Amino acid sequence: MSHSKDHRQVRMPGPNEHNVAELCKKFGISALEERKLRRLLGKHAPLHEIQANAPPRPPRFR
């Protein structure tokens, strides 16, 4: 028995580009660390790259 299969290609969109400076302000990253991230990643980068290269976030105490 032969079955016909649909060989469609599914487009998987890549990560969205985010402004590094805006996300540094949002996450509370210092100006020095922001400069390091912009030098490393450029003005725009995917969110996962920014988070992977950012310093650990300070704890939030209640």
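Our structure's up above, just so we're on the same page.
Here, residues in each chain are numbered from 1, in the same order as that chain's written sequence. Two thresholds apply to this predicted model, a pLDDT of at least 70 for residue-level local features and 80 or more for giving and counting side-chain atom pairs, whereas whole-chain, interface and lining totals are computed over all residues. Hydrogens are left out, water is left out, and the side-chain values use all remaining heavy atoms of the structure.

## Examining the packing of helix α1 (residues 20-27) against helix α2 (residues 31-41)
Then step 1. What counts as an axis is a line fitted to C-alpha atoms, over the stretch in contact for a helix, and the angles between N-to-C directions run from 0 to 180 degrees. Where helices and strands are cited, they refer to DSSP runs of H or I of at least four residues and of E of at least two residues respectively, numbered from the N terminus. Direction vectors running N to C along α1 and α2 enclose 150°, while the axes themselves pass 10 Å from each other. One way to sum up the angle between α1 and α2 is to call them roughly antiparallel. Judged by the twist between their axes, the crossing of α1 over α2 is right-handed. Note on element contacts: α2 touches α1 through E34, L37 and R38, opposite V20, A21 and C24.
Then step 2. Grouping the amino acids of the contact of α1 with α2 by side-chain chemistry returns four nonpolar, no polar and two charged. Any angle that is under 35 degrees is reported as roughly parallel, and any over 145 degrees as roughly antiparallel; angles of 65 to 115 degrees are reported as roughly perpendicular and all others as oblique. Left-handed describes a crossing in which the near helix is turned anticlockwise from the far one by less than a right angle; the clockwise case is right-handed. Only heavy atoms matter for contacts: two residues are in contact if any of them lie within 4.5 Å across the pair. Under the grouping applied here, Gly and all other residues not named as nonpolar or charged are polar, the nonpolar ones being Ala, Val, Leu, Ile, Met, Phe, Trp, Tyr, Cys and Pro and the charged ones Asp, Glu, Lys and Arg.

## Concerning α2
Then step 1. Listing the buried residues of α2 in full gives E34, L37 and L41. End-on view of α2: buried residues confined to an arc of 65°, all on one side of the axis. Exposed and oriented more than 90 degrees from the buried face of α2 are A31 and R39.
Then step 2. For α2, the secondary structure elements touched by its buried residues are α1, β2 (44-46) and α3 (47-53).
Then step 3. G42 sits one or two positions beyond α2 and adopts a positive phi of about 95°. Summary of the burial criterion: residues with accessible area below 20% of their type's maximum are buried, those above 50% are exposed, and those between are partly exposed, where the area comes from a 1.4 Å probe applied to protein chains only. Arc, as used here, means the arc of the directions from the helix axis to the C-beta atoms.

## Things to note about the pattern of salt bridges
Then step 1. By salt bridge we mean one thing: a side-chain nitrogen of Lys or Arg within 4 Å of a carboxyl oxygen of Asp or Glu. Taken as a whole and judged by the stated rule, the model has two salt bridges.
Then step 2. When the shortest N-O distance is used, the salt bridge between E33 and K36 registers 3.6 Å. Of this pair, E33 and K36 both sit in helix α2, three residues apart, which is roughly one turn of that helix.
Then step 3. A relative accessible area of 42% places K36 in the partly exposed class.
Then step 4. With a shortest N-O distance of 3.6 Å, R38 and E34 are connected by a salt bridge. Of the two residues, R38 and E34 are both situated in helix α2; the distance of four residues between them amounts to about one turn of the helix.
Then step 5. Judged by its relative accessible area of 37%, R38 is partly exposed.

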